[in-house]
Amino acid sequence: MGLVMLCRAGEWIHIYDSLVSLSGLRYGFRDEYQLQSARSVILLRLADDRQPREYGVLMKLWGQLASGHDEVAESDLYDQLGPVKREAVHGLIATIRTSPEAIDGWIAVVSRQFPYLG
C-alpha cells in the first residue's frame, strides 16, 4: 500500500494505491515543498483555535503529515470536524491518493475558500 514509483524510459512515474492509510499520507506529495504548502494551508486556513475540537484534530493531522506517525484516524476527522472542514480535509486525503497535481489544485482551492487565520 502507499506510493509506488515506477521507472519507465528513465522517468519516475508515481502510481498510487487507493488503500493508503492515513499514516502513509506524507509519502504522497511530490516533494517537501508541496508537503509544507499543504501543511501551511491546514495551519493557516483550517485550524482555528477558537474551535478547540476542530483545532485539536487538525493539529494532529498537521503533525502526522510531518512525522508519518499515527496521530489521527479518519473517524476522528469525521467526529471532530464540521461538515465544511471535513469536506476540505477529505478532499486533501483524496488528492494525496490521486496525484501531486491534484494536491496543487487542493491547495489553490482551499486557500481561496477559507480565510487566512494567522
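All values derive from a computational prediction rather than experimental measurement. Residue numbers run consecutively from 1 along every chain, following the written order of its sequence. This being a predicted model, a pLDDT of at least 70 is required before a residue's local features are given, and a value of 80 or more before pairs of side-chain atoms are given or counted; all residues contribute to the totals for chains, interfaces and linings. Side-chain numbers here rest on the full set of heavy atoms in the structure, without hydrogens or water.

Participant: Quick one: what's the story with the nonpolar core, residue by residue and with numbers?
Facilitator: Nine residue types can take part in a nonpolar core, namely buried Ala, Val, Leu, Ile, Met, Phe, Trp, Tyr and Cys, and a core is a set of them joined through side-chain atoms within 4.5 Å. To sort residues, take the accessible area from a 1.4 Å probe on protein chains only and compare it with the maximum for the residue type: under 20% means buried, over 50% means exposed, and anything in between is partly exposed. Core analysis: the largest hydrophobic core is formed by 27 residues, its most contacted members being I42, L46, L58, L65, L77, V89 and W106. Aside from chain neighbours lying at most four places away, what touches L65 is L25, R26, F29, L35, R39, I42, L92 and I96. Throughout, a contact is declared for two residues whenever any of their heavy atoms are within 4.5 Å.

Participant: Quick one: what's the story with helix α1 (residues 32–46), residue by residue and with numbers?
Facilitator: The terminal C-alpha atoms of α1 lie 20 Å apart, and with 15 residues this matches the ideal 21 Å at 1.5 Å per residue to within 8%. Secondary structure elements are taken from DSSP: a helix is a run of H or I of four residues or more, a strand is a run of E of two residues or more, and numbering for both begins at the N terminus. Burial in α1 covers these residues: Q34, L35, S37, A38, R39, V41, I42 and L46. Contacts made by the buried residues of α1 are with α2 (52–67), α4 (83–96) and α5 (100–113). One side-chain oxygen of the residue at the start of α1 lies 3.3 Å from the amide nitrogen of Y33, identifying that residue as D31. Expected span of a helix, by definition, is 1.5 Å for each gap between consecutive residues, and there is one gap fewer than residues. Pairs of N or O atoms are called polar contacts if they sit within 3.5 Å, as long as, within protein, a hydrogen donor faces a hydrogen acceptor (for residues adjacent in sequence, only side-chain-to-side-chain pairs).

Participant: Break down the packing of α1 against α4 for me, citing the residues and quoting the values.
Facilitator: In this analysis an axis means a line fitted to C-alpha atoms, helices contributing only their contacting stretch, and an angle means the value between N-to-C directions, from 0 to 180 degrees. Taken N-terminus to C-terminus, the directions of α1 and α4 make an angle of 175 degrees; their axes are 12 Å apart at the nearest point. Comparing their axes, α4 and α1 come out roughly antiparallel. Between α1 and α4, the contacting residues are A38, I42 and L46 on the first element and K85, A88, V89 and L92 on the second. Any residue that is not Ala, Val, Leu, Ile, Met, Phe, Trp, Tyr, Cys, Pro, Asp, Glu, Lys or Arg is counted as polar, Gly included; the first ten are nonpolar and the last four charged. Within the contact of α1 with α4, the residues separate by chemical class into six nonpolar, no polar and one charged. Angle categories: roughly parallel below 35 degrees, roughly antiparallel above 145, roughly perpendicular from 65 to 115, and oblique for all the rest.

Participant: Please give an account of the packing of α1 against α2 that cites residues and values.
Facilitator: Remark: α1 packs on α2, axes separated minimally by 10 Å, with the N-to-C direction vectors making an angle of 170 degrees. Here α1 is positioned roughly antiparallel relative to α2, judged by the angle of their axes. For the pair formed by α1 and α2, the contact residues are L35, R39, I42, L43 and L46 on the first element and L58, M59, L61, W62, G63, L65 and A66 on the second. Class assignment for the residues of the contact of α1 with α2 results in ten nonpolar, one polar and one charged.

Participant: Would you mind going over the side chain of R26 in detail, with residue names and values included?
Facilitator: Among the structural elements, R26 can be located in the loop between β2 (11–16) and α1. Reaching out from R26, the side chain makes a polar contact with the backbone oxygen of L65 at a distance of 2.6 Å. Ignoring sequence-local partners within four residues, the contact set of R26 consists of E32, L35, L65, A66, S67 and G68.

Participant: How would you explain the side chain of R39 if you had to name every residue and give the values?
Facilitator: With respect to the element layout, R39 can be found in helix α1. Asp and Glu are treated as the negative residues and Lys and Arg as the positive ones, with His and the ends of the chain left uncounted. A side-chain nitrogen of Lys or Arg and a carboxyl oxygen of Asp or Glu constitute a salt bridge if their distance falls within 4 Å. In this structure, R39 is buried with no salt-bridge partner, the nearest side chain bearing the opposite charge being E32 at 6.1 Å.

Participant: I'd like a rundown of the confidence of the model for the chain, residues and numbers included.
Facilitator: For every residue, the pLDDT score states the predictor's confidence, bounded by 0 at the bottom and 100 at the top. In this model, the chain carries a mean pLDDT of 85, and residues with pLDDT of at least 70 account for 82%. The low-confidence segment residues 1–8 (pLDDT under 50) makes 22 contacts with residues lying over four places distant or belonging to another chain.

Participant: Could you give an account of the environment of L77, naming the residues involved and the relevant values?
Facilitator: Note on placement: L77 falls in helix α3 (residues 74–80). By relative accessible area, which is 0% here, L77 ends up buried. In this structure the C-alpha to C-alpha distance between L77 and E54, which are 23 residues apart in sequence, comes to 8.4 Å. With sequence-adjacent residues up to four places away left out, L77 is seen in contact with L22, V57, V72, R86, V89 and I93.

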